[in-house]
Amino acid sequence: MALNRLIAATVLALSPVLASGQASEWPRYVVAESGGAVDVPRDVFSDEAGKPETGSGARFLTSDRRANLTVQSVRNDASDTPSAFLAKKGPPPDIVYRRVTANFFVVSSLRNGLIWYDRCNFAGRFITCVLINYPATEKKRWDAVVTRISNSLSKN
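Residues numbered from 1 in each chain as written. Predicted model: local features only at pLDDT ≥ 70, side-chain atom pairs only at ≥ 80, totals over all residues. Heavy atoms only, no water.

1. Structural notes on the layout of surface pockets
- Empty space within the largest pocket amounts to approximately 620 Å³.
- Taken together, 23 residues line the largest pocket, and the ones lying closest to its centre are T54, Q72, K89, D118 and L131.
- Of all the secondary structure elements, the ones that give two or more residues to the lining of the largest pocket are β5 (68-75), α2 (82-89), β7 (104-111), β8 (114-123) and β9 (126-135).
- A breakdown of the residues in the lining of the largest pocket according to their chemical character gives 12 nonpolar, six polar and five charged.
- One number sums up the size of the second largest pocket: a volume of about 330 Å³.
- Taken together, 18 residues make up the lining of the second largest pocket; nearest its centre are Y97, S108, Y117, Y134 and V146.
- Sorting the residues of the lining of the second largest pocket by element identifies β6 (97-100), β7, β8 and α3 (139-152) as the ones contributing at least two each.
- Per element, the largest residue contribution to the lining of the second largest pocket is six residues, and it comes from α3.
- When the residues that make up the lining of the second largest pocket are grouped by side-chain class, the tally is nine nonpolar, five polar and four charged. (1 Å grid on protein atoms, 1.4 Å probe; cavity = no way out; pocket = protein on both sides within 12 Å on 5 of 7 lines; lining within 4 Å. Points joined across faces, edges and corners; volume = space filled by probe spheres on them. Helix = DSSP H or I, 4+ residues; strand = E, 2+ residues; numbered from the N terminus. Nonpolar A, V, L, I, M, F, W, Y, C, P; charged D, E, K, R; others polar.)

Written out as structure tokens, the structure is:
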């Protein structure tokens, strides 16, 4: 019961921030190894959660642990294009949104009640990505935040 109240209070507290995408703090996170950078809404992703599984960067969590953000750079030693890299990763066939250009790709879909959103920019020897997972039931509240994070991802 107390946990349900805590979750409800957290959702209510984050709702105005998520609805507007206007978190008060959006510091720039820079991956030192690649120079890739992205704006991170620290009012939303308030907790640091270590390094990504591969490459360099950082993971961030919401205080209630229901959403997460990974900022990650990996070397592109094979000089893969966005299309080739995506094909090598073998994305699931049920992708809801896919956009592939010469310099980046974005893919998004649903898994276990979460929307997953991945954007990867290709520049020089590195691929820098943002990987965001958040509750599908809160999609409208997350749209502005996800868009701003995605659009702020640098090309390295």
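2. Brief notes about the sheet that holds β8
- Pairing is antiparallel in the open sheet, where seven strands are placed in the order β3-β4-β5-β9-β8-β7-β6. For this open sheet the edge positions go to β3 (47-48) and β6, each flanked by a neighbour on one side alone.
- For β5 and β9, the ladder comprises eight bridges, and the chain directions are antiparallel. Its bridge partner lying in β9, V71 is registered against V130. (Pairing = 2+ DSSP bridges.)

3. Looking at unusual backbone geometry
- Backbone geometry places S79, a non-glycine residue, at a positive phi of 55°.
- Along the chain, the position of S79 falls in the loop between β5 and α2.
- S79 gets classed as exposed once you look at its relative accessible area, which sits at 60%.
- The backbone of N112 sits at a positive phi, close to 55°, despite the residue not being glycine.
- Examined against the element boundaries, N112 turns out to sit in the loop between β7 and β8. (Buried < 20%, exposed > 50% of the residue type's maximum accessible area, 1.4 Å probe, protein only.)

4. A word on the nonpolar core
- Membership of the largest hydrophobic core comes to 24 residues, with the highest contact counts inside it found for F45, F60, L69, V71, I132, W142 and I149.
- Breaking this core down by element, the ones donating at least two residues are β4 (56-61), β5, β7, β8, β9 and α3.
- No other element matches the four residues that α3 contributes to this core.
- Counting 11 residues, the second largest nonpolar core, distinct from the first, contains V74, I95, V107 and F122. (Core = buried A, V, L, I, M, F, W, Y, C linked by side-chain atoms within 4.5 Å.)

5. As for the pattern of salt bridges
- With the rule as written, the count across this model stands at eight salt bridges.
- Between D47 and R65 there is a salt bridge, with its nearest N and O atoms 2.4 Å apart. Note that D47 is positioned in strand β3 and R65 in the loop between β4 and β5, a separation of 18 residues in sequence.
- Using a relative accessible area of 22% as the deciding quantity, one classes D47 as partly exposed. (Salt bridge = Lys/Arg side-chain N within 4 Å of Asp/Glu carboxyl O.)

6. Observations regarding the state of the cysteines
- Considering all chains together, one arrives at one disulfide under this definition.
- A sulfur-sulfur distance of 2.1 Å marks the disulfide that ties C120 to C129. Taking the torsion about the sulfur-sulfur bond, which here is approximately 110°, the covalent link between C120 and C129 counts as right-handed. Across the pair, exposure class does not vary: C120 and C129 are buried alike. (Disulfide = S-S within 2.5 Å.)

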